[in-house]
Amino acid sequence: IGRRGNCQPTGRNLPQRPLQQLDVLIVEGWCLGCPPQPASQLQRAVNRQEQQLDADGRWRRYVNQQLAGPYQRYFQFIQYLLYLQAPDWQAVCRWRQRQEEKLWQVQGQGMTTTELAHFMASFQRLTEWLATGSATADRCSSQQWSVLLC
């Protein structure tokens, strides 16, 4: 599959290679493979949390710098990326709420409604950015994932 070239670690902070070589390693991440946003898109807050906690955009710029640098070095090791695109931000919130409800049912613990809202707001910017078609995936799918993901 080696579409993205040499997969040898080059960074000094990367872990040692495992003793056993794997044929397949599946990595899941909310914004895995996300490219940085254009600087012009960082100027406006996307939600109340950004307005209140990041009024000057310092955190947005920091996240963007990480996406442009260290994260891209990590992403280069991904040989195939499948992006599961939700219909909209509200669907993402509903799916995550269902996951929390299941945690409460199974484990008797999870995030409160307030904690979940704060957590979700942290990912809104990048989730919406990816939904604009900026995902750098090998395949994007907008199937009805609610049955599979929840």
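Structure shown above.
Residues numbered from 1 in each chain as written. Predicted model: local features only at pLDDT ≥ 70, side-chain atom pairs only at ≥ 80, totals over all residues. Heavy atoms only, no water.

### Some words on the packing of aromatic side chains
For clarity, the threshold we go by: Under the pairing criterion, centres of Phe, Tyr and Trp rings, with the six-membered ring standing for Trp, must be within 6.5 Å; the plane angle then separates stacked pairs below 30 degrees from edge-to-face pairs above 60, leaving the rest tilted. In this text, helices come from DSSP runs of H or I with a minimum length of four residues, and strands from runs of E with a minimum of two, each type numbered from the N-terminal end. Using a 1.4 Å probe on the protein chains alone, a residue whose accessible area is under 20% of its type maximum counts as buried, one over 50% counts as exposed, and one in between counts as partly exposed.
Tallying each qualifying case throughout the model produces six aromatic pairs. On the basis of an interplanar angle of 10° and a centroid distance of 4.3 Å, the ring pair of Trp-30 and Phe-123 is categorised as stacked. Of this pair, Trp-30 sits in the segment before helix H1 (48-53) while Phe-123 sits in helix H5 (residues 113-134); the two residues are 93 residues apart in sequence, bridging distant segments of the chain. Exposure remark for Trp-30: the relative accessible area of 28% places this residue in the partly exposed category. Judged by relative accessible area, Phe-123 falls into the partly exposed class, the value being 24%.

### A closer look at the state of the cysteines
Under the convention used in this document: Pairs of cysteine sulfur atoms within 2.5 Å are identified as disulfides in what follows.
Scanning all chains against the criterion turns up zero disulfides. Free of any disulfide, Cys-34 has its nearest neighbouring cysteine sulfur in Cys-31, separated by 5.3 Å.

### A word on helix H2 (residues 58-68)
For the record, the criterion: Arc definition: directions from the helix axis to the C-beta atoms. Contacts were defined at the residue level, with two residues in contact if any of their heavy atoms lie within 4.5 Å.
When H2 is considered as a whole, its buried residues turn out to be Arg-60, Asn-64 and Leu-67. In an axial view of H2, the angular spread of the buried residues amounts to 60°, which keeps them on one side of the axis. The exposed set on the far side of H2, more than 90 degrees from its buried face, consists of Arg-58, Trp-59 and Gln-65. Structurally, H2 contributes buried residues whose contacts are with H1, helix H3 (70-75) and H5.

### Observations regarding the environment of Val-27
Mapped onto the elements of the fold, Val-27 is located in the segment before H1. Its relative accessible area of 39% is what places Val-27 among the partly exposed residues. C-alpha separation for the pair Val-27 and Leu-81, spaced 54 residues apart in sequence, amounts to 9.5 Å. Residue contacts for Val-27: discarding those within four places in its chain leaves Leu-32 and Tyr-74.

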